[in-house]
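What follows is the residue order along each chain.
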Amino acid sequence: MTLQQKKSQWPGLVLCWFLLCVSLQPDSLNRASAVNLRRFIGCAVREFTFQAKKPGCGGLHITTDACWGRCETWEKPVLDPPFIESHQRVCTYNETRLVSVKLPNCQPTVDPTYTYPVALRCDCGVCLTSTTECITSV
């Protein structure tokens, strides 16, 4: 083996050694993928469980994907009315698909179909009352 061939193998050997050392560390994968949700800024898809209900039917526990997170928001004073400039974003659906299920124990006159969105992609954006429950005052 020539000196040139040995030099070209060196980066690959270093990478293999590094990966071996990391994989032998106890709990290394869990630490690398853990996210501190209290400090997380952004918007992501996350599993969510709720009880689907409608009058005249029994409830059904559903586990789905929903949007979850915190988005950067700021306000600053300005000289012209309303004397404040605000940048308020919420974690909201960017892409969804609708899923329908049948609720149990519905009265004969009640349609048992319950439709809900499944989050495929979420982003920080303006709160749209057509898709999101927006709080406008406290």
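Let us look at the structure shown here. (Residues numbered from 1 in each chain as written. Predicted model: local features only at pLDDT ≥ 70, side-chain atom pairs only at ≥ 80, totals over all residues. Heavy atoms only, no water.)

**Focus: the packing of aromatic side chains**
Part 1 of the argument: Under the defined criterion, the tally for this structure stands at four aromatic pairs.
Part 2 of the argument: A centroid spacing of 6.4 Å and a plane angle of 45° characterise the contact between Phe50 and Tyr114, whose relative ring orientation is tilted. A residue pair is termed long-range when its members are at least 10 positions apart, and Phe50 in strand 1 (residues 42–52) and Tyr114 in strand 6 (residues 113–125) qualify at 64 residues.
Part 3 of the argument: For Phe50, a relative accessible area of 19% puts it in the buried group.
Part 4 of the argument: Aromatic ring contacts, followed pair by pair, group Phe48, Phe50, Tyr114 and Tyr116 into a single cluster. (Phe/Tyr/Trp six-rings, centres within 6.5 Å; stacked < 30°, edge-to-face > 60°. Helix = DSSP H or I, 4+ residues; strand = E, 2+ residues; numbered from the N terminus. Buried < 20%, exposed > 50% of the residue type's maximum accessible area, 1.4 Å probe, protein only.)

**What about the pattern of salt bridges?**
Part 1 of the argument: As enumerated under the stated definition, the model contains three salt bridges in all.
Part 2 of the argument: Residue Glu95 pairs with Arg121 through a salt bridge whose shortest N-O separation is 3.6 Å. Taken together, the residues span a long stretch of sequence, with Glu95 in strand 5 (residues 90–102) and Arg121 in strand 6 at a distance of 26 residues.
Part 3 of the argument: Judged by relative accessible area, Glu95 falls into the partly exposed class, the value being 36%.
Part 4 of the argument: Between Asp123 and Arg121 there is a salt bridge, with its nearest N and O atoms 3.9 Å apart.
Part 5 of the argument: Of the residues examined, Asp123 reaches a relative accessible area of 31% and is grouped as partly exposed.
Part 6 of the argument: Arg121 sits in the partly exposed class, given a relative accessible area of 41%.
Part 7 of the argument: If you follow the salt bridges from partner to partner, you end up with Glu95, Arg121 and Asp123 in one network. (Salt bridge = Lys/Arg side-chain N within 4 Å of Asp/Glu carboxyl O.)

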